[in-house]
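Chain by chain, the residues run as shown.
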Number of protein chains: 2
Amino acid sequence: MTQPQINNWQAIQNEVLRRIHAREWPPGQVIPNEVDLAAEFGCARATMNRALRALADAGMLERRRKAGTRVALHPVSRATLDIPVIRQEIEDRGLKYSYNLIARNTATPLASLGPAQKALHVTALHCANAAPYAYEDRWINLSTLPEAANQPFTVINANEWLLMHAPFTHGDIRFSCMAVPAAHAKRLGTTPGTPVFVTQRTTWDHARTITSVRLIFAPGYSIHTTIGSPPLAD
Amino acid sequence: MTQPQINNWQAIQNEVLRRIHAREWPPGQVIPNEVDLAAEFGCARATMNRALRALADAGMLERRRKAGTRVALHPVSRATLDIPVIRQEIEDRGLKYSYNLIARNTATPLASLGPAQKALHVTALHCANAAPYAYEDRWINLSTLPEAANQPFTVINANEWLLMHAPFTHGDIRFSCMAVPAAHAKRLGTTPGTPVFVTQRTTWDHARTITSVRLIFAPGYSIHTTIGSPPLAD
DNA sequence: TGCATTATTATGTCTATACATAATAACCCC
DNA sequence: GGGGTTATTATGTATAGACATAATAATGCA
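Residues numbered from 1 in each chain as written. Chains lettered and ligands numbered in written order. Predicted model: local features only at pLDDT ≥ 70, side-chain atom pairs only at ≥ 80, totals over all residues. Heavy atoms only, no water.

## Regarding the pairing of strand 9 (residues 195–205) of chain B
All names here are of chain B.
And then number 1: In terms of burial, strand 9 is largely enclosed, as eight of its eleven residues are buried.
And then number 2: The sheet contact formed by strand 8 (residues 170–179) and strand 9 spans ten bridges and is antiparallel. Residue pairing in the sheet places Ala-179 in a bridge with Pro-195 of strand 9.
And then number 3: For strand 9 and strand 10 (residues 208–217), the ladder comprises eight bridges, and the chain directions are antiparallel. Bridging from a neighbouring strand, Val-198 pairs with Ile-216 of strand 10.
And then number 4: The turn linking strand 9 back onto strand 10 is made up of two residues, and His-206 within it adopts a positive phi angle of 55°. (Buried < 20%, exposed > 50% of the residue type's maximum accessible area, 1.4 Å probe, protein only. Helix = DSSP H or I, 4+ residues; strand = E, 2+ residues; numbered from the N terminus. Pairing = 2+ DSSP bridges.)

Listed below in structure tokens is the structure:
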């Protein structure tokens, strides 16, 4: 069984995937260990490890020390979705981006930023080809970012300014939908009650909140992504 | 500069992340090459490579041969979201899962499955604690999966049967929202026009479509995920 | 000057070896 | 037989060295 001599990890990954899809290794089954597989494929264990680890990262395999490697019972559909800067998202669609600040004032936020503290409240409208694209309702934590108080956010939007001046360590996103409130319907070029897509995002720099933003998208918005990738060889 | 002697890739990754967040390596900047960094950290190049590659996978760095490694200009928020089996999603929330088949018949699908072919059309309702959770509208490609024709889908739901009998190689998901159609409003325990979250998913086995499913969730549904992970050391 | 060819360079990957670590299996003693 | 200790095992990771590859920079020629 030292025949095939596949010695690049992607080819090995493909072969392992093939065996999983072909049910040679059905869900839940423990597959041979790295040493044996490396011998079978005629490669080093490190290479085998690379291939199997990548598949484990993708959710296709489950690995545990001593217990071995098994095919995931529920080949969990793990999708990675990139959340782009709004400008980029619009320009990638070949549309012209524009931005309008609606309001900007200092106040005490409700809850999203954590314990009550002074924050900057910014509302704005992002447009694509002059048509409403998304309404932004943002709170910026002034105790984390005092320099934000000097920013007008009239030309440079808060999203991009924050990315340049306050990179976050981690964040938290929620996707939902709601009936557009009467107050925002006209801005988004629609009528009150129309279903709209909403994303609510909070970002932190270590333990301190940076910003919490809600984006209400104009009707028709959707997010698209993929699971896995089409196999190269058919 | 051979002092620190950090020789595990995760510690190195953290240190690199620290430098990025601390703006020692601002966005867009090219960072030293692997050989130099390995020397600085007192580790092997392979270890340095592992750390930097992981960060590149996470979207924090951009790497190109010869050009070198640079800090991503837009630290693209790359979220990985797991799309679970509905039963699991419901049971994970501590609720009791139940399933009701609504209809099942053979017909020619519209477009989602590709060129017109015979398909099985299944509609069903997923419930959590007996309350409507999601309405499922699914087409199963019978030319790819003829054995699906013999499945009643009365007890075992199509989602789980397909996972067990027809693993997919890749797929495609779209998240959006809409006003619930009058035909489904009652089933979902709501009134026509209410905004509801919708996911449309198509999966393939190599070049052949397996199934295309639309899930209309009951009002209030949302998807939650995170970007990055809270730093260990604060 | 402009274009094609050739060096250079940083990342990408593979190898063989070694040790660390977590988890199970085996064992031994009471 | 039960419970705690030890051995075994598979993955996880680190290392040094080597070659592959892509992309840029330098060079040379018309």
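From this point, things continue past the structure.
## Some thoughts on empty space enclosed by the protein
And then number 1: With the rule as written, the count across this model stands at two cavities of 30 Å³ or more.
And then number 2: Within this model, the largest cavity holds a volume of roughly 60 Å³.
And then number 3: If you go around the largest cavity, the residues you meet are Leu163(A), Pro167(A), Phe168(A), Ile20(B), His21(B), Arg23(B), Pro27(B), Met60(B), Val71(B), Ala72(B) and Pro75(B).
And then number 4: Of the residues assigned to the lining of the largest cavity, the class counts are nine nonpolar, one polar and one charged.
And then number 5: Roughly 50 Å³ of internal volume is contained in the second largest cavity.
And then number 6: Lining the second largest cavity are Ile20(A), Arg23(A), Pro27(A), Met60(A), Val71(A), Pro75(A) and Pro167(B).
And then number 7: Its residues assigned to classes, the lining of the second largest cavity comprises six nonpolar, no polar and one charged. (1 Å grid on protein atoms, 1.4 Å probe; cavity = no way out; pocket = protein on both sides within 12 Å on 5 of 7 lines; lining within 4 Å. Points joined across faces, edges and corners; volume = space filled by probe spheres on them. Nonpolar A, V, L, I, M, F, W, Y, C, P; charged D, E, K, R; others polar.)

## With respect to the sheet that holds strand 2 (residues 61–64) of chain A
Adjacent strands of a sheet form backbone hydrogen bonds with each other and so pair up, either parallel or antiparallel.
Residues and elements named next belong to chain A.
And then number 1: Strands sit in the order 1-3-2 across an open sheet of three strands; the sheet is antiparallel. Each edge of the open sheet is held by one strand with a lone partner, namely strand 1 (30–31) and strand 2.
And then number 2: Bridge count for strand 2 against strand 3 (residues 68–71) is four bridges, and the pairing is antiparallel. When the sheet's bridge partners are listed, Leu-61 is paired in strand 3 with Val-71.
And then number 3: Helix 3 (residues 45–57) rests against strand 1 and strand 2 of the sheet, and its axis sits at about 115° to strand 2. (Contact = heavy atoms within 4.5 Å. Axes fitted to C-alpha atoms, helices over the stretch in contact; angles between N-to-C directions.)

## Considering the protein's contact with DNA strand C
And then number 1: Neighbouring DNA strand C are 23 residues; Asn8(A), Trp9(A), Thr47(A), Arg45(B) and Arg63(B) lie closest to it.
And then number 2: Taken together, the sugar and phosphate atoms account for 74% of what DNA strand C places within 4 Å of the protein.
And then number 3: The separation between a base nitrogen of DNA strand C and a polar side-chain atom of Arg45(A) is 3.4 Å.
And then number 4: At a separation of 2.7 Å, a phosphate oxygen of DNA strand C approaches a polar side-chain atom of Arg64(A).
And then number 5: Secondary-structure elements contributing two or more residues to the surface near DNA strand C are helix 1 (9–21) and helix 3 of chain A together with helix 3 (45–57), strand 2 (61–64) and strand 3 (68–71) of chain B.
And then number 6: For the surface near DNA strand C, the leading source of residues is helix 3 of chain A, giving four residues. (Near = heavy atom within 4 Å. Polar contact = N/O pair within 3.5 Å; in protein donor to acceptor, adjacent residues only side chain to side chain.)

## Points about the packing of aromatic side chains
And then number 1: Tallied over the entire structure, the rule returns 15 aromatic pairs over all chains.
And then number 2: With centroids separated by 5.6 Å and ring planes inclined at 85°, the aromatic side chains of Phe153(B) and Trp161(B) adopt a geometry described as edge-to-face.
And then number 3: Taking relative accessible area as the criterion, Phe153(B) reaches 1% and is therefore assigned buried.
And then number 4: Taken together, Tyr133(A), Phe175(A), Phe197(A), Phe217(A), Tyr221(A), Tyr133(B), Phe175(B), Phe197(B), Phe217(B) and Tyr221(B) form an aromatic cluster joined through their ring pairs.
And then number 5: The aromatic ring of Trp9(A) is capped on one face by Arg50(A), whose charged end is 4.2 Å from the ring centroid. (Phe/Tyr/Trp six-rings, centres within 6.5 Å; stacked < 30°, edge-to-face > 60°. Lys NZ or Arg CZ within 6 Å of the ring centre and 35° of its normal.)

## What to know about the protein's contact with DNA strand D
And then number 1: Taken together, the neighbourhood of DNA strand D is formed by 23 residues, with Arg45(A), Arg63(A), Asn8(B), Trp9(B) and Arg64(B) sitting nearest.
And then number 2: Close to the protein, within 4 Å, the atoms of DNA strand D belong to sugar or phosphate groups at a rate of 76%.
And then number 3: Measuring from a base oxygen of DNA strand D, one finds a side-chain N or O atom of Arg45(A) at 2.6 Å.
And then number 4: With respect to DNA strand D, the side chain of Arg45(B) contributes an N or O atom lying 3.3 Å from a base nitrogen.
And then number 5: Where the surface near DNA strand D is concerned, the elements lending two or more residues are helix 3, strand 2 and strand 3 of chain A together with helix 1 (9–21) and helix 3 of chain B.
And then number 6: Looking at the surface near DNA strand D, the element that brings in the most residues is helix 3 of chain B, giving four residues.

## Focus: the pairing of strand 7 (residues 131–141) of chain B
Moving residue by residue along a regular strand, the side chains alternate between the two faces of the sheet.
Residues and elements named next belong to chain B.
And then number 1: For strand 7, the tally of buried residues reaches nine of eleven residues, placing the bulk of the element in the interior.
And then number 2: Pairing analysis gives ten bridges linking strand 6 (residues 119–128) to strand 7, with the strands arranged antiparallel. Within the sheet, the bridge partner assigned to His-126 lies in strand 7 and is Ala-134.
And then number 3: Linking strand 6 to strand 7, which pair antiparallel, is a turn of two residues; within it Asn-129 sits at a positive phi near 50°.

## Points about the interface of chain A and chain B
And then number 1: In this assembly, 53 residues from chain A lie in contact with 53 residues from chain B.
And then number 2: Taken together, chain A and chain B are joined by two salt bridges.
And then number 3: Among the salt bridges present, the one from Asp82(B) reaches Arg78(A), with a minimum N-O distance of 3.0 Å.
And then number 4: Taken together, the connections running from chain A to chain B amount to 20 residue pairs in polar contact (both at pLDDT 80 or more).
And then number 5: For the side of chain A that touches chain B, the secondary-structure elements that each account for two or more residues are helix 3, strand 4 (77–83), helix 5 (158–165), strand 8 (170–179), strand 9 (195–205) and strand 11 (223–227) of chain A.
And then number 6: With ten residues, the single largest contributor to the side of chain A that touches chain B is strand 8 of chain A.
And then number 7: The residue inventory of the side of chain A that touches chain B, partitioned by class, reads 26 nonpolar, 18 polar and nine charged.
And then number 8: Bridge analysis of strand 11 of chain A against strand 8 of chain B gives five bridges, and the strand direction is antiparallel. Within strand 8 of chain B, the residue paired with Ile223(A) across the bridge is Phe175(B). (Salt bridge = Lys/Arg side-chain N within 4 Å of Asp/Glu carboxyl O.)

These values are about where atoms sit, not about what they do.
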